[in-house]
Amino acid sequence: MENRLIIYNIKTIYTSINKPPVRGKLMSEVEVINNPYIVIENDKIIKISTGDYKVDKTPKTKIYDANQKIMIPGLVDSHTHLVFGGSREHEFSKKIAGVPYLDILAEGGGILNTVKATKKASFEELYNKAKKSLDEMLLFGVTSVEVKSGYGLDLETEIKQLKVAKELNKNHQIDIYSTYLGAHALPKEYKNKRNEYVQKVVDDLEIIKQEKLADYVDVFCETGVFNAKETKSILSAAKKLGFKLRVHTDEIDSIGGTKVSIDLKAKTIDHLMAITDEDITALSKSNTIANLLPSTSFFLNKEYAPARKLIDSGVALAISSDYNPGSTPSENFQLTMQISGNKLMMLPEEILTAATINPAYSLDISKKIGSIEEGKIADLLLLDCNNLDYFIYHYGINHTYSVFKNGKLVVDKRRIVGE
Ligand code: NIG
Ligand code: FE
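The rules behind each value
Residues numbered from 1 in each chain as written. Chains lettered and ligands numbered in written order. Predicted model: local features only at pLDDT ≥ 70, side-chain atom pairs only at ≥ 80, totals over all residues. Heavy atoms only, no water. Helix = DSSP H or I, 4+ residues; strand = E, 2+ residues; numbered from the N terminus. Rg over C-alpha atoms; globule rule 2.2 N^0.38 Å. Contact = heavy atoms within 4.5 Å. Near = heavy atom within 4 Å. Polar contact = N/O pair within 3.5 Å; in protein donor to acceptor, adjacent residues only side chain to side chain. Areas by Shrake-Rupley, 256 points an atom, 1.4 Å probe, with all protein chains shown as cover. 1 Å grid on protein atoms, 1.4 Å probe; cavity = no way out; pocket = protein on both sides within 12 Å on 5 of 7 lines; lining within 4 Å. Sits in = over half its atoms within 2 Å of the grid points. Donors = N, O, S within 2.8 Å, 3.2 Å for Na, K, Ca; no water. Buried < 20%, exposed > 50% of the residue type's maximum accessible area, 1.4 Å probe, protein only. Points joined across faces, edges and corners; volume = space filled by probe spheres on them. Nonpolar A, V, L, I, M, F, W, Y, C, P; charged D, E, K, R; others polar. Axes fitted to C-alpha atoms, helices over the stretch in contact; angles between N-to-C directions. Parallel < 35°, antiparallel > 145°, perpendicular 65-115°, else oblique. Left-handed = near helix turned anticlockwise from the far one by under 90°. Arc of directions from axis to C-beta. Pairing = 2+ DSSP bridges. Phe/Tyr/Trp six-rings, centres within 6.5 Å; stacked < 30°, edge-to-face > 60°. Lys NZ or Arg CZ within 6 Å of the ring centre and 35° of its normal.

The secondary structure content of the protein amounts to 15 helices and 19 strands. For 419 residues, the compact-globule estimate of 2.2 N^0.38 gives 22 Å, and the protein sits close to it at 21 Å. Dimensions of the protein, computed from the C-alpha atoms along their principal axes, are close to 70 × 45 × 45 Å. Contacts spanning at least 24 positions in sequence make up 73% of the contacts within the protein whose residues lie at least 6 apart.

If you want it as structure tokens, here you go:
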């Protein structure tokens, strides 16, 4: 006999049901189902219906009263730097005084500060710290997350970060998808040996592949970090080895990384505050997802990515938290969604699509998750809101009521089950 769970007394389900990548106008098309109930068998949704539900009186049937809360798919945060040592609050006042992000990095601070702390931290320290953040994310309704390395910049520490992510994926309710970001910054020791470092990142790819530590490779393509040519050589080598690509690009300046990434069929290009009109056109003709990170613009007090222009041009958008110790020290993905309304001028329906099915597509999991449909995995989020607009409008708080992961209740009335 299968394990059954019936979730009843749901006020409304909101879900994108379009085939991903959901682009342009279609992003605002969301299915709305009033007064539904859901039947889950093991980890799958087997029925979504409205009206009276018939309780199957087998001992293995559980019933959950949704108490007239609204339901959306479990959130997919497809760009985070979850695993790192230390924190950078000591750089916060510099930032407030107006010292630019890249100047802090050039002085050996920023990412390089976190590199020092991550090298020093033990596996257990990194694990426990990242687990605490994952718990926070789960409480905010995130059920799948992408996690990058990039705070080692030497093979040993990069592997340590990726192994922490792998272990957390085994033990934590949230599913983790890992990305190798050896090209996050140029390590100090390589200051006058750029080419050697790029070659080292390329050489290390094989080991990451052999040890099955990551499915994706990322590069920070930016002025003063890695240029378009270097980005291309790393990404091309990665692609040859069978890695999928995600790329930090056009955050501050547009230096050609976007074109390189689209040509190489990257799954996502991320940030895009400085994207050119020409690149927007190329992006609209591709299946690459524009992964916008508005919490980063908020924290760095920078301009926001041109979300409206991207949507109006027919691009498929995702939004992600970019959780990291420098530019975005917050696990609150609901806040990212709310900033997307306020600052990216995205509609609540577009935001929902960008936080569920499109990021799932970018992680190659959209056949199983990212929407609430019969046959899909039951990753579900109940929100203590009357409607979707209210969720985006009432900002800064946690609206989670409960979370289901793989058909199991993992957060109940804003508490992690079993803790
Ligand atoms: O996505 N831009 C590059 N990487 C991160 C920041 C990392 C850090 O400052 O530690 C980002 O914003
Ligand atoms: Fe990032």
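From this point on, the discussion continues.
Right, let's talk about the site of ligand 1 for a bit. Taken together, 15 residues are adjacent to ligand 1, and Arg88, Tyr101, Tyr151, His184 and Ser327 come closest. Within the side chain of His184, a nitrogen or oxygen atom sits 2.8 Å from a nitrogen atom of ligand 1. Alone, ligand 1 offers 320 Å² of accessible surface; in the complex the protein occludes 100% of this. When atom positions are compared with the pocket grids, ligand 1 is found to occupy the largest cavity.

Bound to the iron ion (ligand 2) on the protein side are His79 (NE2), His81 (NE2), His248 (NE2) and Asp322 (OD), at distances that span 2.1 to 2.3 Å. By relative accessible area, Asp322 is classed as buried at 2%.

Okay, empty space enclosed by the protein next. All chains considered together, the criterion is met by three cavities of 30 Å³ or more. In terms of lining residues, the largest cavity is bounded by 14 residues, among which His81, Tyr101, His184, Asn324 and Ser327 are the most central. Residue classes in the lining of the largest cavity are distributed as four nonpolar, seven polar and three charged.

Two elements in contact, helix 6 (residues 194–210) and helix 7 (residues 228–240), have axes separated by 9 Å at closest approach and are oriented at 15°. Classified by the angle between their axes, helix 6 and helix 7 sit roughly parallel to one another. With respect to the hand of their crossing, helix 6 and helix 7 are arranged in right-handed fashion. Where helix 6 abuts helix 7, its residues Arg194, Val198, Val201, Val202 and Leu205 lie against Glu230, Ser233, Ile234, Ala237 and Ala238. Looking at side-chain class alone, the contact of helix 6 with helix 7 contains seven nonpolar, one polar and two charged residues.

Take Gly326: it is sitting in the loop between strand 15 (317–319) and helix 12 (333–342). With 205 residues separating them along the chain, Gly326 and Ala121 place their C-alpha atoms 17 Å apart. Ignoring any residue separated from it by four or fewer positions in sequence, one finds Gly326 in contact with Arg88 and Phe299.

Any space left empty among the atoms is revealed by the rolling of a water-sized probe across them. By volume, the largest pocket amounts to about 460 Å³. Phe92, Lys95, Phe299, Pro325 and Gly326 are, among the 28 residues lining the largest pocket, the residues nearest its centre. Elements with a minimum of two residues in the lining of the largest pocket: helix 1 (92–96), helix 2 (101–106), helix 4 (123–139) and helix 10 (294–300). Tallying contributions element by element places helix 1 first for the lining of the largest pocket, with three residues. Within the lining of the largest pocket, the residues separate by chemical class into 12 nonpolar, nine polar and seven charged. Of the volumes computed, that of the second largest pocket is approximately 310 Å³. If you go around the second largest pocket, you meet 14 residues; those closest to its centre are Leu105, Ala106, Leu112, Leu186 and Gly224. Along the lines of polarity and charge, the residues of the lining of the second largest pocket split into eight nonpolar, three polar and three charged.

For helix 9 (residues 277–284), every residue scored as buried is listed here: Asp279, Ile280, Leu283 and Ser284. End-on, the buried residues of helix 9 take up no more than an arc of 140°, which puts them together on one face. Looking at the buried residues of helix 9, the elements they touch are helix 8 (257–263), strand 13 (268–271), strand 14 (289–292) and helix 11 (307–312).

Our next topic: the sheet that holds strand 14. Strand order in the open sheet formed by eight strands is 8-9-10-11-12-13-14-15, with parallel pairing between adjacent strands. In this open sheet, the two edge strands, each paired with only one partner strand, are strand 8 (75–77) and strand 15. Adjacent strand axes in the sheet meet at a mean angle of 25° when their direction is disregarded. As judged from the three bridges shared by strand 8 and strand 9 (residues 142–148), these two strands associate in the parallel manner. Across the sheet, residue Asp77 finds its bridge partner in strand 9, namely Val145. Most of the contacts of helix 12 go to strand 8, to which it runs at about 90°, and overall it touches strand 8, strand 9 and strand 15. Docked against the sheet, helix 13 (residues 348–355) engages strand 8 and strand 15, running at close to 80° with respect to strand 15.

Once that is clear, we can look at the side chain of Asn398. Its place among the elements puts Asn398 in the loop between helix 15 (388–393) and strand 17 (400–405). In terms of polar contacts, Asn398 uses its side chain to reach the backbone carbonyl oxygen of Leu139, at 3.0 Å.

Time to look at helix 12. Across the 10 residues that make up helix 12, a large majority, eight, are buried. Along helix 12, the residues classified as buried are Phe333, Gln334, Thr336, Met337, Gln338, Ile339, Ser340 and Gly341. One side-chain oxygen of the residue at the start of helix 12 lies 3.1 Å from the amide nitrogen of Gln334, identifying that residue as Asn332.

So, about the packing of aromatic side chains. For the structure shown, the criterion picks out eight aromatic pairs. When the ring of Tyr197 is compared with that of Phe226, the centres are 6.3 Å apart and the planes differ by 25°; the resulting orientation is stacked. Of the two residues, Tyr197 sits in helix 6 while Phe226 sits in the loop between strand 11 (216–221) and helix 7, which places them 29 residues apart along the sequence. Overall, the relative accessible area of 1% leaves Tyr197 in the buried class. Among the aromatic side chains, those forming a connected cluster through ring pairs are Phe84, Tyr151 and Tyr323. Just above the ring of Tyr190 sits the side chain of Lys193; from NZ or CZ to the centre is 5.5 Å.

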